[in-house]
Amino acid sequence: MSLAGRETSPENGAMDSSAGNPLPYSGEEDTLAESILNNSVPGGLFELRELDVLYDDQSAALWTFMRPEGRPSFTPTMLKDFERWQDLISDGFGEEKVPLRYLILGSRSQDVFCFGGDLELFQHLIRTRDRAGLVKYGHRCCAILERNVRSLDLPMLTIGLVQGAALGGGFEALLSFDYIIAERHATFGLPEIMFGLYPGMGAHVFLARKLGTAMAERIILSNKTYTAQELYDLGLVHQIAEPGEGVSAVREFISKSERRHSGLAGAHQATKMVWPVKLDELNAITELWADTALKLSEQDLKVMSRLVAAQARLADRLAAA
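Since the model is a prediction, treat every value here as computed from it, not as a measurement.

Peer 1: What should I look at first to understand the side chain of aspartate 300 in this one?
Peer 2: Summarising the element assignment, aspartate 300 is placed in helix 11 (residues 298-320). There is no salt bridge for the buried aspartate 300, and the closest opposite charge comes from arginine 306, which lies 8.8 Å off by N-O distance.

Peer 1: How should the sheet that holds strand 5 (residues 112-114) be read in this particular structure?
Peer 2: In any sheet, the strands associate via hydrogen bonds between backbone groups, in a parallel or an antiparallel arrangement. Pairing in this open sheet of four strands is mixed, and the strands run 5-7-9-10 from one edge to the other. Only two strands of the sheet have a single partner each, and these edge strands are strand 5 and strand 10 (225-227). Recorded for the sheet is a direction-independent mean angle of 25° between the axes of neighbouring strands. Sheet topology note: the strand 5/strand 7 (residues 165-167) ladder contains two bridges and is parallel.

Peer 1: Please clarify how the packing of helix 5 (residues 203-211) against helix 6 (residues 213-222) should be interpreted in this entry.
Peer 2: Viewed as axis vectors pointing N to C, helix 5 and helix 6 meet at an angle of 135°, and their least axial separation amounts to 7 Å. Considering their axes alone, helix 5 and helix 6 lie oblique with respect to each other. Helix-helix and strand crossings are classified by hand; for helix 5 and helix 6 the assignment is right-handed. Contact with helix 5, carried on its side by Ala203, His204, Leu207, Ala208 and Leu211, involves Thr213, Met215, Ala216, Ile219 and Ile220 of helix 6 and no other residues of that element. Along the lines of polarity and charge, the residues of the contact of helix 5 with helix 6 split into eight nonpolar, two polar and no charged.

Peer 1: Looking at this model, I keep getting lost on the pairing of strand 8 (residues 179-183). Mind explaining?
Peer 2: Residues in a regular strand project their side chains so that they alternate between the two faces of the sheet. Along strand 8, five of the five residues are buried, which leaves the element largely enclosed by surrounding structure. Side chains of strand 8 alternate between two faces, with Tyr179, Ile181 and Glu183 and Ile180 and Ala182 buried alike. Relative to strand 8, strand 6 (residues 157-162) is paired through four bridges, and the arrangement is parallel. In the strand pairing of strand 8, valine 162 is matched with alanine 182. Across three bridges, strand 8 lies against strand 11 (residues 239-241) in parallel orientation.

Peer 1: So what exactly am I meant to see when it comes to the side chain of glutamate 50 here?
Peer 2: Relative to the elements of secondary structure, glutamate 50 occurs in the loop between strand 1 (3-4) and strand 2 (51-56). Buried charge without a partner: glutamate 50 forms no salt bridge, and the closest opposite charge is arginine 49, 4.6 Å away. Aside from chain neighbours lying at most four places away, what touches glutamate 50 is Phe65, Met66, Arg67, Pro68, Glu69, Thr75, Thr77, Met78 and Asp81.

Peer 1: What's the story with the environment of leucine 100 in this structure? I'm lost.
Peer 2: With respect to the helices and strands, leucine 100 occurs in the loop between helix 1 (76-92) and strand 4 (102-107). As a C-alpha pair, leucine 100 and leucine 157 span 57 residues in sequence and 9.0 Å in three-dimensional space. Residue contacts for leucine 100: discarding those within four places in its chain leaves Tyr55, Ala60, Ala61, Leu62, Ile89, Phe93, Leu154, Pro155 and Met156.

Peer 1: Help me out: how do you make sense of the nonpolar core in this one?
Peer 2: The tendency in soluble globular proteins is for nonpolar side chains to be buried as a group. Grouped together as the largest cluster of nonpolar side chains are 79 residues, with contacts concentrated most on Leu45, Leu62, Trp85, Ile89, Phe93 and Phe188. Take this core: its biggest share by element is eight residues, from helix 3 (residues 131-149). Setting aside anything within four residues of it in sequence, one finds leucine 45 in contact with Val53, Leu62, Trp85, Leu88, Ile89 and Phe93. Residues Ile159, Val247, Ala249 and Ile254 belong to the second largest nonpolar core, which totals 18 residues.

Peer 1: Could you clarify how one ought to interpret helix 2 (residues 119-127) in this entry?
Peer 2: Given 3.6 residues per turn, any residue in an α-helix points the same way as the ones three and four places further on. Within helix 2 the residues assigned to the buried category are Leu119, Phe122, Gln123, Leu125 and Ile126. Arginine 129 sits one or two residues past helix 2 and shows a positive phi near 60°.

Rules and cut-offs
- Residues numbered from 1 in each chain as written.
- Predicted model: local features only at pLDDT ≥ 70, side-chain atom pairs only at ≥ 80, totals over all residues.
- Heavy atoms only, no water.
- Helix = DSSP H or I, 4+ residues; strand = E, 2+ residues; numbered from the N terminus.
- Buried < 20%, exposed > 50% of the residue type's maximum accessible area, 1.4 Å probe, protein only.
- Lys, Arg positive; Asp, Glu negative; His and termini not counted.
- Salt bridge = Lys/Arg side-chain N within 4 Å of Asp/Glu carboxyl O.
- Pairing = 2+ DSSP bridges.
- Axes fitted to C-alpha atoms, helices over the stretch in contact; angles between N-to-C directions.
- Parallel < 35°, antiparallel > 145°, perpendicular 65-115°, else oblique.
- Left-handed = near helix turned anticlockwise from the far one by under 90°.
- Contact = heavy atoms within 4.5 Å.
- Nonpolar A, V, L, I, M, F, W, Y, C, P; charged D, E, K, R; others polar.
- Core = buried A, V, L, I, M, F, W, Y, C linked by side-chain atoms within 4.5 Å.

Below is the structure:
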């Protein structure tokens, strides 16, 4: 197996996965020996500030792990990396280019996939009555998710790997993947209703199409935290792995999917033709979300502040660890 990545190190090299410290490959001595093919992978993928990327040419899989510098949320800095990441993949992979059959997204934050939207930024934009700023942020998120739903127009399967909490926009983002593989201790939720808001970057669209409007509304308005097992029973999570085994489960999924890859990719493309996700639809919901955000009370913003503080404390603990 040949991999291209940042460098061989305790953080980024070839090591076994463990719960809360996901690393994608086990320790064969030659795992980071680059092949001629690896040299064709766009180098910019390995220079992103908050995304850690490795390419496995044996399975034509691109592994990406979010590596936030602060709170594990979709900050403008991370959104910029995701936009660049998608552009580089679209330009560098495909027919007569570097092959790409699987795209995997996980997180290096211990026990957290992603907390979703940048609540600190939201507070600032709401207090300054900056509707344009809220809409711009939302539109950027929607554009990233809509491209992911289309698998960047490449014949590949997309996989969300969840080894911790996926809340708010983190949960929404996962719903744009073909498959979700979650470790048993992973949790999911949409807490926005607790401070008078709702998820504005895709939850209504994805959940209504996958589960129907009644169940979508129940999940969005409940402020309930769901286990991996509960979402597996609903059909949103496709496979459950034991704690620390998520990366191995993805590798096993890839191995078992190889023979039927074309059929799986075609089936998912057909499903998306049945219920197409349009960018205009996502953007319109985001604009309604921005208008709703501007109606939040001071008490609502105080609740949001408490969540921001809790996320910041967690980020500090992660940094210390």
